[in-house]
Amino acid sequence: MEEDSGPYATCPPYGSLTCTHRRTTPLTSPLTWPCTSGGCDTTSTTTLPESVVLWDLDGVLCDVRPWHRQALRQALAPYSIVVSTEQEIELEGLPTKVKLDRLYVPEHIRGAIAEEKQRLTLRLIHANAKPLANVVDTLVRLKLEGKRIGICSNARRATVYTVIWRTGIAKYIDLVLSNEEAKIPKPDPCIYLMALSVMHIPASEAVVVEDHPVGVAAAVAAGIRCVQVNGPEEVSYQRLLEE
């Protein structure tokens, strides 16, 4: 097994679920194309030049953002801490510990709030997350072309895994990095530089898909081409080809 190299390759080697997720078993169903969502351009012959597509999770592959907001509000409520809509927008895309710091939550209650927020988030994901046809179609086409797919998220590992299993996309994913692997959150490029290192590719071989300026800044700082979407509904193969 090759050793990872690079300044951010601090996680265990490929295949260790304490760090990454890599699909090592055959797909449970055959891959087919053209797509079934009705929103794909099946006449296009243009193919993606990059060999790896790195995706943010929240607001890109699944819109977890409303559930994060709801969970945070509920976790803060017993302490009479109220978050305004403006604050929610400002804090979007950041890890919970950073949110609590910016909200000036007393340090002695931050741990309890973070754990309750995580519990509530996972419950909301279990209850609401569902497969999105356009996302699945896009990932299927990428796999048919031999592309590798990674997820790089500021979310906790349990959140990422819950989303990808509940939305049915786990079997298409080659790599998962969460805020438990990349110790410095976006907008620092740490997580994307780590992904490049683990997958043994230069920045020119990857493209990032992000929804939030925080993630876009991280991708740009890592020297990777970035496609910005406003939500999962904008995800398509054709969108990946746009500058």
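Whatever comes next refers back to the structure up there.
Just so you know, these numbers come straight off a predicted model, no measurement behind them.

**Student:** Looking at this model, I keep getting lost on the overall build of the chain. Mind explaining?
**Tutor:** On a plain count of helices and strands, the chain comes out with nine helices and five strands. Burial status across the chain gives 52% buried among its 243 residues. Per element, the accessible surface of the chain, about 11300 Å² overall, is 54% carbon and sulfur.

**Student:** Even after reading the chapter, I still don't get the pairing of strand E2 (residues 148-152), so can you show me in this structure?
**Tutor:** Side-chain positions along a regular strand alternate between the two faces of the sheet. Along E2, four of the five residues are buried, which leaves the element largely enclosed by surrounding structure. For strand E1 (residues 52-55) and E2, the ladder comprises four bridges, and the chain directions are parallel. From the neighbouring strand, Trp55 faces E2, where its bridge partner is Ile151. Pairing of E2 with strand E3 (residues 175-177) involves three bridges; the strand directions are parallel. Within E3, the position partnered with Ile151 by the bridge is Val176.

**Student:** Explain helix H7 (residues 190-199) to me, please; I cannot follow it from the model alone.
**Tutor:** Structural remark: α-helix, 3.6 residues per turn; residues separated by three or four positions point the same way. By the criterion of burial, H7 is predominantly enclosed, with nine of the 10 residues buried. If you follow the buried residues of H7, they end up packed against E1, E2, E3, strand E4 (206-210) and helix H8 (213-221). Just beyond H7, the residue with positive phi is His200, at close to 55 degrees.

**Student:** Please explain the pattern of salt bridges as it appears in this structure.
**Tutor:** As a working rule, side chains carrying opposite charge can pair if their charged atoms are close by. If you walk through the whole model with that rule in mind, you get 15 salt bridges. With a closest N to O distance of 3.2 Å, Asp211 and Arg65 form a salt bridge. You can see Asp211 sitting in the loop between E4 and H8 and its partner Arg65 sitting in helix H1 (residues 65-76), a full 146 residues away along the chain. Exposure remark for Arg65: the relative accessible area of 15% places this residue in the buried category.

**Student:** What is the right way to read the nonpolar core from this model?
**Tutor:** Generally speaking, soluble globular proteins have nonpolar side chains that are buried together. If you look at the biggest cluster of nonpolar residues, it comprises 52 residues, and the most contacted ones within it are Trp55, Leu142 and Ile164. A per-element tally of this core places helix H4 (residues 107-128) first, with six residues. Setting aside residues up to four positions removed in sequence, Leu142 forms contacts with Leu48, Val53, Trp55, Lys147, Ile149, Tyr237 and Leu240. Within the second largest apolar cluster, 24 residues are counted, among which are Leu175, Ile191, Leu196 and Ala206.

**Student:** Would you mind going over the packing of H4 against helix H6 (residues 157-166) with me for this structure?
**Tutor:** In a packed pair of helices, the relevant descriptors are the angle between the two axes and the axis-to-axis distance. Where H4 contacts H6, the two axes come as close as 10 Å, and the packing angle between them is 5 degrees. By the angle class used here, H4 and H6 are roughly parallel. Here Gln118, Thr121, Leu122, Ile125 and His126 of H4 lie close against H6, whose contacting residues are Ala158, Thr159, Thr162, Val163 and Arg166. Residue classes in the contact of H4 with H6 are distributed as four nonpolar, five polar and one charged.

**Student:** How should H4 be read in this particular structure?
**Tutor:** Between the first and last C-alpha of H4 there are 31 Å, a value that for 22 residues agrees with the 32 Å anticipated at 1.5 Å per step. Of the residues making up H4, those classed as buried are Ile109, Ile113, Ala114, Lys117, Gln118, Leu120, Thr121, Leu122, Leu124 and Ile125. Tucked inside the fold, the buried residues of H4 contact H1, helix H3 (96-102) and H6.

**Student:** When you look at the sheet that holds E2 in this model, what are you seeing that I'm missing?
**Tutor:** Adjacent strands of a sheet form backbone hydrogen bonds with each other and so pair up, either parallel or antiparallel. In space, the five strands of this open sheet follow the order E3-E2-E1-E4-E5, with parallel pairing throughout. On the outer flanks of this sheet lie E3 and strand E5 (225-228), each paired with one strand and no other. Sheet twist, expressed as the average angle between the axes of neighbouring strands with direction ignored, equals 20 degrees. Most of the contacts of H7 go to E3, to which it runs at about 150 degrees, and overall it touches E1, E2, E3 and E4.

**Student:** Sorry if this is basic, but what is going on with the packing of aromatic side chains here?
**Tutor:** Within a pair of aromatic rings, the relevant descriptors are the distance that separates the centres and the angle that separates the planes. Tallying each qualifying case throughout the model produces zero aromatic pairs. Positioned over the ring face of Tyr237 is Arg141, at 3.9 Å from the centre of the ring.

**Student:** Looking at this structure, how should I read the environment of Cys62?
**Tutor:** Looking at the element boundaries, Cys62 is found in the loop between E1 and H1. Considering only alpha carbons, one finds Cys62 and Pro232, 170 residues apart in sequence, at a separation of 5.9 Å.

**Student:** Can you help me understand the side chain of Ser236 in this one?
**Tutor:** Here Ser236 shows up in the loop between E5 and helix H9 (237-240). A residue is classified by how much of its surface remains accessible, and Ser236, at 18% relative accessible area, is buried. For Ser236, the side chain forms a polar contact with the main-chain nitrogen of Arg239, separated by 3.0 Å.

Cut-offs and rules
- Here the residue numbers are simple positions, counted from 1 along each chain's written sequence.
- Per-residue local features of the predicted model are confined to residues with pLDDT of at least 70, and side-chain atom pairs are confined, for both listing and counting, to 80 or more; whole-chain, interface and lining totals are unaffected and use all residues.
- Neither water nor hydrogens contribute to the side-chain values; these are computed over all heavy atoms in the structure.
- Each helix corresponds to a stretch of at least 4 residues labelled H or I by DSSP, and each strand to a stretch of at least 2 residues labelled E; elements are numbered beginning at the N terminus.
- For each residue, the accessible area found with a 1.4 Å probe, counting protein chains only, is set against the maximum for its type, and the residue is called buried under 20%, exposed over 50%, and partly exposed in between.
- In these tables, accessible area is a Shrake-Rupley quantity obtained with a 1.4 Å probe, and a residue counts as shielded only by the protein chains included in the view.
- We treat two strands as partners when DSSP finds at least two bridges between them.
- Whether two residues are in contact is decided by their heavy atoms: any pair within 4.5 Å suffices.
- For this document, the term salt bridge refers to a Lys or Arg side-chain nitrogen within 4 Å of an Asp or Glu carboxyl oxygen.
- Residues belong to one nonpolar core when they are buried, are Ala, Val, Leu, Ile, Met, Phe, Trp, Tyr or Cys, and are joined through side-chain atoms within 4.5 Å.
- For every element, the axis is a line fit to its C-alpha atoms; helices are fit only across the contacting stretch, and the angle between N-to-C directions ranges from 0 to 180 degrees.
- For classification purposes, angles smaller than 35 degrees are called roughly parallel, those larger than 145 roughly antiparallel, those between 65 and 115 roughly perpendicular, and all remaining angles oblique.
- Residue classes follow a fixed rule: Ala, Val, Leu, Ile, Met, Phe, Trp, Tyr, Cys and Pro count as nonpolar, while Asp, Glu, Lys and Arg count as charged, and any other residue, Gly among them, counts as polar.
- Any helix carries an expected span of 1.5 Å times its number of residues minus one.
- Each pair of aromatic rings taken from Phe, Tyr and Trp, with Trp reduced to its six-membered ring, is defined by centres within 6.5 Å and is described as stacked if the planes are under 30 degrees apart, edge-to-face if over 60, and tilted in the remaining cases.
- Charge over a ring is defined by NZ of Lys or CZ of Arg lying within 6 Å of the ring centre and within 35 degrees of the ring normal.
- Side-chain atoms alone can form a polar contact between residues adjacent in sequence; in general such a contact is a pair of N or O atoms within 3.5 Å, and within protein one must be able to donate a hydrogen while the other accepts it.

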